[in-house]
Amino acid sequence: MKDNGHAAGVLSWCTFAEWLRRPILERQVLSQVSHVKVPGGAVSSYFLALAPVDKLLLALVTMVSPHLERHWTHVLADSCRLALLRKYSGIYLDTDIISMKSLLFANFTCFGEGGFFNNGALGFHVIHHDFLLDCMKDFVANYIEHIWGHQGRKLITCVLKRWCKSNNPTNFIGKECNGISLWLRRWFYPISYSSWERYYVPWKNKDIESIFSGRYGAHVWNYVNSSKERKIIAGEGSLMEYLFQMYCPITYRSVIQSKNHSELLKA
């Protein structure tokens, strides 16, 4: 996410399922950003207003037992983005994607790691898009919570195979497939999953320019770091510090540089 007001069209509140669990400090920081809408209330209340077909997902989340689900928060977030994008259109980005450039308001998904198309960066410029309906039907019909990514990147890739009428939708990377642009991995994933720690070491300016110039965003692999707890330290000169200074100045000043915060922001 970008906090200086230039990330036009981002459906920031699409991540409310995760947002409601976030610390007060992070909510206070985001509340300072004029183009971010801070939601309140229970998760289920947002789905009650959705069209009947969207309530397929509501039925799913009310039937399961969250405390028994291994990846429940992530699965719920997967369902939220599909339902809300179909209802309202817009752009969804994972909260650990730093927005670097205004996005085109178009129908798109992005190629990710492991040969899958990712659901961490999605855009649809029309409401009630049939691709999202197909995704939601597949989500409910083939629900397998305990397999990591089954309701996310694997679902998107599976539906794309039908949508593109091809067992190998990677043939359409950099092109359009039935009205959906399949963007190159480098637009949001300039550093791969296996090399995520490169974000926490200093870089030369010329290397930053060559890797990140013209990119829409940088996915910083927050989930991987959750077990490592690498931190952004002011004055250390890491790539993460540079990205926060350039694209997240409010967060950088309020959290990373602040002398009053109780803990450093974990990226």
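In case you missed it, the structure is sitting above this.
Residues numbered from 1 in each chain as written. Predicted model: local features only at pLDDT ≥ 70, side-chain atom pairs only at ≥ 80, totals over all residues. Heavy atoms only, no water.

Undergrad: Run through the overall build of the chain, naming residues and quoting values.
TA: On a plain count of helices and strands, the chain comes out with eleven helices and seven strands. Buried positions account for 49% of the 267 residues belonging to the chain. Expressed as a percentage of contacts within the chain between residues at least 6 apart in sequence, the contacts between residues at least 24 apart total 70%. Counting only carbon and sulfur atoms, one obtains 52% of the accessible surface of the chain, whose full area is about 12900 Å². (Helix = DSSP H or I, 4+ residues; strand = E, 2+ residues; numbered from the N terminus. Buried < 20%, exposed > 50% of the residue type's maximum accessible area, 1.4 Å probe, protein only. Contact = heavy atoms within 4.5 Å. Areas by Shrake-Rupley, 256 points an atom, 1.4 Å probe, with all protein chains shown as cover.)

Undergrad: Explain the packing of helix α10 (residues 239-247) against helix α11 (residues 249-256) to me, using residue names and the numbers behind them.
TA: Taken N-terminus to C-terminus, the directions of α10 and α11 make an angle of 120 degrees; their axes are 5 Å apart at the nearest point. Here α10 contributes Glu241, Phe244, Gln245, Met246 and Tyr247 to the contact with α11, which in turn contributes Pro249, Thr251, Tyr252 and Ile256. Of the residues belonging to the contact of α10 with α11, the class tally is six nonpolar, two polar and one charged. (Axes fitted to C-alpha atoms, helices over the stretch in contact; angles between N-to-C directions. Nonpolar A, V, L, I, M, F, W, Y, C, P; charged D, E, K, R; others polar.)

Undergrad: Talk me through the pattern of salt bridges; I want residue IDs and the actual numbers.
TA: Close approach of charged atoms lets side chains of opposite charge pair. Under the criterion given, the structure shown has five salt bridges. Salt-bridge contacts for Arg185 lead to Glu113; the nearest nitrogen and oxygen are separated by 3.8 Å. In this pair, Arg185 sits in the loop between β6 (180-183) and α8 (205-212) while Glu113 sits in the loop between β3 (108-111) and β4 (117-124), placing the two residues 72 residues apart along the sequence. A relative accessible area of 35% places Arg185 in the partly exposed class. The closest approach of N and O atoms between Arg230 and Glu197, which form a salt bridge, is 3.1 Å. Here the residue Arg230 occupies a position in the loop between α9 (222-228) and α10, and Glu197 occupies one in the loop between β6 and α8, the gap between them amounting to 33 residues. Assessed through its relative accessible area of 28%, Arg230 is described here as partly exposed. Several salt bridges converge on common partners, so that one network encompasses Asp78, Arg81 and Asp94. (Salt bridge = Lys/Arg side-chain N within 4 Å of Asp/Glu carboxyl O.)

Undergrad: How would you summarise the sheet that holds β4 if you had to cite specific residues and measurements?
TA: One open sheet holds the five strands; their spatial order is β1-β4-β3-β6-β5, and the pairing between them is mixed. Among the strands making up the open sheet, the edge pair consists of β1 (90-93) and β5 (176-177). Bridge analysis of β3 against β6 gives three bridges, and the strand direction is parallel. Note that in β6 the partner of Phe108 across the bridge is Ser181. This element, helix α7 (residues 153-164), spans β3, β4, β5 and β6 of the sheet and lies at about 65 degrees to β4. (Pairing = 2+ DSSP bridges.)

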